[in-house]
Number of protein chains: 2
Amino acid sequence: MFSYLKRLLIGRPLKSNELGEQKLNKTKALAILSSDALSSVAYGPEQILIVLVTVGAAAFWYSIPIAAGVLILLTALILSYRQIIFAYPHGGGAYVVSRDNLGVNPGLIAGGSLLVDYILTVAVSVSAGTDAITSAFPALHSYTVPIAIVFVLFLTTLNLRGVTESASILAYPVYLFVAALFILIGVGLYQIYTGHVPADLHTSVGTPVAGISLFLLLKAFASGSSALTGVEAISNAIPNFKDPAPNNASKTLMAMGGLLAILFSGIVYLAYYYGITPSVTETVVSQIADETFGRNFMYYFIQGTTALILILAANTGYSAFPLLAVNLAKDKFIPRMFTIRGDRLGYSNGIITLGVSAIILIILFKGQTEHLIPLYAVGVFIPFTLSQSGMIVKWVREKPKGWVTKLIINATGALISLTVTLMFFLTKFTQVWPVLIFLPIIVIIFHKIKTHYELVGQQLRINPNHMPKKIEGNVIIVPVAGITQVVENSINFATSLTDQVIAVYVSFEREDERVFEEKWKKWQPNVRLVTLHSHYRSIIQPLTKFIDTVQHKAGENNYQVTVLIPQFITKKSWHNILHNQSSLLIRAYLLFKRDVVIATVPYRFKK
Amino acid sequence: MFSYLKRLLIGRPLKSNELGEQKLNKTKALAILSSDALSSVAYGPEQILIVLVTVGAAAFWYSIPIAAGVLILLTALILSYRQIIFAYPHGGGAYVVSRDNLGVNPGLIAGGSLLVDYILTVAVSVSAGTDAITSAFPALHSYTVPIAIVFVLFLTTLNLRGVTESASILAYPVYLFVAALFILIGVGLYQIYTGHVPADLHTSVGTPVAGISLFLLLKAFASGSSALTGVEAISNAIPNFKDPAPNNASKTLMAMGGLLAILFSGIVYLAYYYGITPSVTETVVSQIADETFGRNFMYYFIQGTTALILILAANTGYSAFPLLAVNLAKDKFIPRMFTIRGDRLGYSNGIITLGVSAIILIILFKGQTEHLIPLYAVGVFIPFTLSQSGMIVKWVREKPKGWVTKLIINATGALISLTVTLMFFLTKFTQVWPVLIFLPIIVIIFHKIKTHYELVGQQLRINPNHMPKKIEGNVIIVPVAGITQVVENSINFATSLTDQVIAVYVSFEREDERVFEEKWKKWQPNVRLVTLHSHYRSIIQPLTKFIDTVQHKAGENNYQVTVLIPQFITKKSWHNILHNQSSLLIRAYLLFKRDVVIATVPYRFKK
């Protein structure tokens, strides 16, 4: 049943050598890895205006220089990540770059920060997309949480199917969104050029504005730079590209940077020229589209693709999280299971962990995850800063050809990223302080896990100078509950292994004991029977006590003690509730509390 | 941790021979077993008036003859159950009486009906009590469900502690309630006698009323007889009484019947004399108390004890359900685990099942379980009818001294119960139809369970003519994942049992295999190693295939195959998530799918 459903949803298992076929070409990679970055065009410009409007509509012209600042930051980041791609062709996430160049702890801060961030990406993007849908169909409003969960489950299933197949489905909406915005910007600019838009809707650039402050401008810049979250996704995902992976990744990164720059500038400019004021009830993009087209087909097309790409932005998390988890798990900072490829060759455990965590966040915040955005942005800029500082150290240390140019590029990136990070802490401390608590905790957990794995490794290593004690013989204890075929079976098996077999009967009533002992003598005269009386109707307590005694004696002669427990295998699974699962309990208890081998002898009911 | 909490809540475990001390004396038994019946005084009279008010206030005098009818029914039931107590001194619930005299299926209908009914008792009574509390403190209204759940948990814990101890706590509120109602009725009657109550508040008995019909009167009678739910509790619980149990139980039953009759008649009479009209916002008892005392201390005392006894009425379910479950389980109609006494000698599994089921009902119905009352009443009168019909058959069959009187008593009881049952179906079919679906399903499930146990019994029985095949030798398969101390341990143990040991290595990469084989030859030259390649990165599939091959060969020579699986025992329990629990998976899979013995060798980490 379960395995059939699994097949249906995620497809037949793939052989390990089919891995190559699952890799991404550039067109698909652009779609699958840039939806997060591109979708932020839908809210980035708005974030700038929301800060400026606190001074007044006259301040809106500042969005132009601020956007220029964001574009400079974008350029620095893109060039910087392009260098990282070639320097770390096996996937240079912030974790790997920081770890290799700055040390383990900066690496873990970057890695931990991103790990949490990808979960936030999924929760925030899916919630935002769901909001867009429920705004259009208010009747669905009370179902926000279930709808968001369905989307997360859908994305999780797609990703469990494997990267290429999901890319095919996910590519269309991304390109439709890009096309829709290109048309919007093109038509908008054409209307401005042909004079269809009155020029007095906006104040001209450079108009003095009362009340503007550097603090406010920095806050607006920090808000606007939240549009850059997601640009690191490509450099993390190089192993998913077709060969030559670094070249293909680099070209994809440049294409994404170009698209992002055009869309961002276009929207900021149109918003400025139309003099658009941010509103609670209507997004800036919606207002621009309304001004340009009115509420016709194109308007709804733009709104629809925007909603869609917001949901798909979550997919960036699905591409990046499992790969980052593999890197952390290879270094033993998180559980080993994240390195295992599933049936469809994706890192299923990472995908499932991400999906489940995002669903938990959505439920906890009842689908209103918007106020997590600043937290999420600062969680991106910390690893940005660390990975680029790492690159600076790398260039200084290795001094390859043309290292000074490379150094300047990364230094610029590092400086701007650091500035943005600090701005977030300065201007939005009330929203981003949890980072200062979570990051140290995560880093400590990483270290605890690593310490455990290392201790285990030491304990498992064979010591050639220390030979283990030879086992001289075996004692087998068989707890019996009556005179049945199951007991006959177990006793038979035990006597085939050793002649030191002890049957143990736990009685609750004194009279029982004598009757049972007599019956036993007639039935199995060659097997020793020990009866134990239980005052408290517990089987485990007297049994454990008895095992301790036997083990003590056996230990003196280097004998190994084994407890043989029969297990009913019922024909239908509902039959299991009809049998006291005491064998399971006894087995678990003895295994974890005593140093005995537990042998389970199955007894299969035929009816 | 868990066991400490358990001690704290339910107390130290008791020895089996401490059972006698847990038995009930009459005073405590009356409190613990009659709270359900007595509490129904709080709503029974009201149910009658609710039906009569549909015709008009003039019809209220009919409550007097209807109450007389209910009293006759009560007398018949009490006398009838008194006879059952002496005829079935080991606990004559409707199940036992019907089964013994009418046959298995009538017995199962009675038993299944009561089993479900006790769950309803708990859910309905606790919800009603919670309603009384939230009516007094409206601020708590949105917490109805959690409050009700806390009460169920409280009652469950009390009952797990054991009957006597819970009786001590539960006795006070029951006696306080009885005292409160006695004072109310006494003061009320005194005021009427001394002429403080105007005589024109009510129409006199016998006044002709337009629109009254037999159907309506029958409906009012059926509604009023819901006050009799719970009178069977004592006859079910005879084993809980101190010796001589039947005598003590009989006296307790009579006392309960007397109290119930006095309280019921008193409330009906005062309601009639005061001319009280049932209202949605205030209960009839509250109105009477208000008329008699005004809103002084006595009023709140009566309301408080009423709320309390409604919650305690649930406790009747806790006394009766586990005992009925024991009877059904002894006859193998429900899982055997219901016959096991817990640490405190109560039938813990029954108590826990009841508590959990009631909580599920409360959550499903969001604490508004009132419309389950008719369902619950009809579920009581079906077993009433069956058990008394059973007694008729018994008297006819056995013809003991004075059997004609006994026959008449039970026949009257059976006839009235049957009439009430039919009235419920006639007048409230839309609310009671689910009984007609659930009862057949429950009876079928009972039979399925019994069939399973009988088949298992047959299969377990030793057949003296058929000796099992002798096991000629043992093959032990040890799956190995590397060259570690754990593997060394397992191989050591395996070779101490047999010389037919096969180590199996599952590789995901072809190159791995050769390297591993060479290392193995140097390390364990005497143990045969088989390497298997897994295309799909699954360990279970190739391993299972290999085991099948070995088992086929071994079977030909009567060899038994054992698979040895090492199990890490980590030092701290959180460490477990850091290890792939593949050993658990493999063990479960092989045990249920293949006929091999699974031996688990613990390997304990010291750090």
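Only a predicted model underlies this, so the values are computations on that prediction, with no experimental measurement involved. (Residues numbered from 1 in each chain as written. Chains lettered and ligands numbered in written order. Predicted model: local features only at pLDDT ≥ 70, side-chain atom pairs only at ≥ 80, totals over all residues. Heavy atoms only, no water.)

## Thoughts on the interface of chain B and chain A
One widely used convention gives an interface's size as the accessible area the parts lose upon coming together.
Thinking step 1. Listed per partner, the contact involves 72 residues of chain B and 72 residues of chain A.
Thinking step 2. Of the roughly 6400 Å² buried at the junction of chain B and chain A (both faces included), carbon and sulfur atoms supply 59%.
Thinking step 3. Per-residue buried area on chain B facing chain A is highest for B:Gln459, B:Arg537 and B:Leu578; these three make up 11% of the total on that side.
Thinking step 4. Inspection of the region where chain B meets chain A yields 2 salt bridges.
Thinking step 5. At the boundary of chain B and chain A, one finds 10 residue pairs in polar contact (both at pLDDT 80 or more). (Contact = heavy atoms within 4.5 Å. Buried area = accessible area lost by both parts, 1.4 Å probe. Salt bridge = Lys/Arg side-chain N within 4 Å of Asp/Glu carboxyl O. Polar contact = N/O pair within 3.5 Å; in protein donor to acceptor, adjacent residues only side chain to side chain.)

## Considerations on helix α21 (residues 540-556) of chain B
Residue and element names in this part refer to chain B.
Thinking step 1. End to end, α21 covers 24 Å across 17 residues, agreeing with the expected 24 Å (1.5 Å per residue, within 8%).
Thinking step 2. Residues of α21 that are buried: Pro542, Leu543, Thr544, Phe546, Ile547, Val550 and Ala554.
Thinking step 3. Residues of α21 that are buried make contact with β1 (473-480), β2 (501-507), β3 (528-533), β4 (559-569) and α22 (582-593).
Thinking step 4. Taken from the residues just after α21, Asn558 is the one with a positive phi, measuring 55 degrees. (Helix = DSSP H or I, 4+ residues; strand = E, 2+ residues; numbered from the N terminus. Expected span 1.5 Å × (residues − 1). Buried < 20%, exposed > 50% of the residue type's maximum accessible area, 1.4 Å probe, protein only.)

## Side note on unusual backbone geometry
Thinking step 1. Residues A:Asp243 and A:Pro244 are joined by a peptide bond in cis, for which omega reads -10 degrees.
Thinking step 2. Examined against the element boundaries, A:Pro244 turns out to sit in the loop between α10 (233-236) and α11 (245-274).
Thinking step 3. Backbone geometry places A:Asn558, a non-glycine residue, at a positive phi of 55 degrees.
Thinking step 4. Mapped onto the fold, A:Asn558 is located in the loop between α21 (540-556) and β4 (559-569).
Thinking step 5. For A:Asn558, a relative accessible area of 28% corresponds to the partly exposed category.
Thinking step 6. Phi at B:Lys332 is positive, roughly 70 degrees, even though this residue is not glycine.
Thinking step 7. Relative to the assigned elements, B:Lys332 resides in the loop between α13 (297-330) and α14 (348-364).

## Some words on the packing of aromatic side chains
Pairs of aromatic rings are described using the distance from one ring centre to the other and the angle between the two planes.
Thinking step 1. Inspection of the entire model under this criterion finds 28 aromatic pairs over all chains.
Thinking step 2. Consider the rings of B:Tyr269 and B:Tyr273, whose centres lie 6.0 Å apart with planes at 40 degrees: the pair is tilted. Here the residue B:Tyr269 and the residue B:Tyr273 both occupy positions in helix α11 (residues 245-274), the gap between them amounting to 4 residues, near one helical turn.
Thinking step 3. Among the residues examined, B:Tyr273 registers a relative accessible area of 13% and is labelled buried.
Thinking step 4. Cluster of aromatic residues (ring-pair linked, three or more members): A:Tyr81, A:Phe381, A:Phe384 and A:Phe424.
Thinking step 5. Sitting over the ring of A:Trp403, A:Lys399 keeps its end group 5.5 Å from the ring centre. (Phe/Tyr/Trp six-rings, centres within 6.5 Å; stacked < 30°, edge-to-face > 60°. Lys NZ or Arg CZ within 6 Å of the ring centre and 35° of its normal.)

## Considering the sheet that holds β1(B)
Thinking step 1. As summarised here, the arrangement of the 10 strands in space is β3(A)-β2(A)-β1(A)-β4(A)-β5(A)-β5(B)-β4(B)-β1(B)-β2(B)-β3(B), forming an open sheet in which the pairing is mixed. Unpaired on one side and paired on the other, β3 (528-533) of chain A together with β3 of chain B mark the two borders of the sheet. Neighbouring strand axes in the sheet, compared pairwise and without regard to direction, differ in orientation by 30 degrees on average.
Thinking step 2. Relative to strand β5 (residues 597-604) of chain A, β4(A) runs parallel, the two being bridged by 8 bridges. Among the inter-strand pairings, A:Phe568 is bridged to a residue of β5(A), identified as A:Tyr603. (Pairing = 2+ DSSP bridges. Axes fitted to C-alpha atoms, helices over the stretch in contact; angles between N-to-C directions.)

## Some points on α11(A)
Thinking step 1. In this model α11(A) runs 43 Å from its N-terminal to its C-terminal C-alpha over 30 residues, within 8% of the 44 Å that 1.5 Å per residue would give.
Thinking step 2. With its phi angle positive at about 65 degrees, A:Gly275 sits one or two positions after the end of α11(A).

## Section: the pairing of β4(A)
All names here are of chain A.
Thinking step 1. For β4, the buried fraction is high: 9 of the 11 residues fall into the buried class.
Thinking step 2. Sheet analysis places strand β1 (residues 473-480) next to β4, joined by 5 bridges and oriented parallel. Residue pairing in the sheet places Gly473 in a bridge with Tyr559 of β4.

## Let's talk about the relation of the copies chain B and chain A
Thinking step 1. For the pair chain B and chain A, the best superposition has an RMSD of 0.1 Å and corresponds to a rotation of 180 degrees with a translation of 0.1 Å parallel to the axis. On the angle and the small slide along the axis, the relation comes out as a two-fold axis. No C-alpha of chain B approaches the rotation axis more nearly than that of B:Ala599, which lies at 1.9 Å.
Thinking step 2. Take the interface residues of chain B: 99% of them recur as interface residues in chain A, which is what a same-surface contact looks like. (Least-squares fit on C-alpha atoms with pLDDT ≥ 70 in both.)

## Here we look at the packing of helix α5 (residues 94-102) of chain B against helix α15 (residues 373-398) of chain B
Residues and elements named next belong to chain B.
Thinking step 1. Interaxial distance between α5 and α15 falls to 8 Å at its minimum, and their mutual angle equals 45 degrees. What the angle tells us is that α5 and α15 run oblique. With respect to the hand of their crossing, α5 and α15 are arranged in left-handed fashion. On α15, the residues touching Ala94, Val97, Ser98, Asp100, Asn101 and Leu102 of α5 are Pro383, Leu386, Ser387, Ser389, Gly390, Met391, Val393, Lys394 and Arg397.
Thinking step 2. Here the contact of α5 with α15 is built from residues that sort into 7 nonpolar, 5 polar and 3 charged. (Parallel < 35°, antiparallel > 145°, perpendicular 65-115°, else oblique. Left-handed = near helix turned anticlockwise from the far one by under 90°. Nonpolar A, V, L, I, M, F, W, Y, C, P; charged D, E, K, R; others polar.)

## Things to note about the confidence of the model for chain A
Residue and element names in this part refer to chain A.
Thinking step 1. Overall, the prediction assigns chain A a mean pLDDT of 85, with 95% of residues at 70 or greater.
Thinking step 2. Within chain A, α11 carries the highest mean pLDDT (92), whereas helix α1 (residues 2-10) carries the lowest (67).
Thinking step 3. Interface confidence in the predicted complex, given as ipTM, is 0.75; pTM for the same model is 0.74. (pLDDT = per-residue confidence, 0-100.)

## Looking at the pairing of β3(A)
All names here are of chain A.
Thinking step 1. Taken together, the 6 bridges between strand β2 (residues 501-507) and β3 define a ladder with parallel strand orientation. Of the residues in β3, the one forming a bridge with Ser507 is His533.
Thinking step 2. For the crossover that starts at β2, traverses helix α20 (residues 510-523) and ends in the parallel β3, the hand is right-handed. (Right-handed = clockwise from strand over helix to strand, strands pointing away.)

## A short note on the environment of B:Gly355
All names here are of chain B.
Thinking step 1. Note that Gly355 resides in helix α14.
Thinking step 2. You can call Gly355 buried: its relative accessible area is 2%.
Thinking step 3. Sequence spacing of Gly355 and Trp523 is 168 residues, and the spatial spacing of their C-alpha atoms is 58 Å.
Thinking step 4. Those residues in contact with Gly355, other than ones at most four positions away along the chain, are Val152, Thr156 and Tyr318.

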